[in-house]
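Next come the chains, spelled out residue by residue.
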Amino acid sequence: MIISNDTTFAYAESIDALHWTLPIALGDFGPIAAYPTAVGLGDDPHVLEKKFFVYFTHLPTDGTGWGAGSLRRLTLTCP
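Draft legend 1. Highlighting the nonpolar core. Formed by Ile 2, Phe 9, Tyr 11, Phe 29, Ala 33, Phe 52, Val 54, Phe 56, Leu 74, Leu 76 and Cys 78, the largest nonpolar core amounts to 11 residues. At the level of secondary structure, the elements contributing two or more residues to this core comprise β2 (8–11), β5 (51–59) and β6 (70–77). Broken down by element, this core gets its largest block of residues, three residues, from β5. With residues up to four places along the chain from it excluded, the contact list for Cys 78 reads Tyr 11, Lys 50 and Phe 52.

Here's what the structure looks like:
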């Protein structure tokens, strides 16, 4: 799971969706970075393996609004 406060992201994982690891900070992607979504690289994008993408929206705060926003992607690799 990717956790977001609309600026920084963190990653936590679970085998049963009840018990989670402590979140690991991924970084600051602001000024406004929202809706992070993890996408697997295999046949089923819902299944995350060691390497996967995180897509998110990025919005600058220069007053230009969503017209200057962008969709961005991170590549994450877990040990």
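This is not the end of the story, as more comes after the structure.
Draft legend 2. Here's a closer look at the packing of aromatic side chains. Within this structure, the stated rule accounts for five aromatic pairs. Aromatic side chains Phe 9 and Phe 56 sit 5.1 Å apart centroid to centroid with 80° between the ring planes, which places their arrangement in the edge-to-face category. Of this pair, Phe 9 sits in strand β2 while Phe 56 is found in strand β5, placing the two residues 47 residues apart along the sequence. Taken individually, Phe 9 and Phe 56 each receive the classification buried, so the pair is uniform in this respect. Grouping aromatic residues by their ring pairs yields a cluster made of Phe 9, Phe 29 and Phe 56.

The rules we used
Residues numbered from 1 in each chain as written. Predicted model: local features only at pLDDT ≥ 70, side-chain atom pairs only at ≥ 80, totals over all residues. Heavy atoms only, no water. Core = buried A, V, L, I, M, F, W, Y, C linked by side-chain atoms within 4.5 Å. Buried < 20%, exposed > 50% of the residue type's maximum accessible area, 1.4 Å probe, protein only. Helix = DSSP H or I, 4+ residues; strand = E, 2+ residues; numbered from the N terminus. Contact = heavy atoms within 4.5 Å. Phe/Tyr/Trp six-rings, centres within 6.5 Å; stacked < 30°, edge-to-face > 60°.

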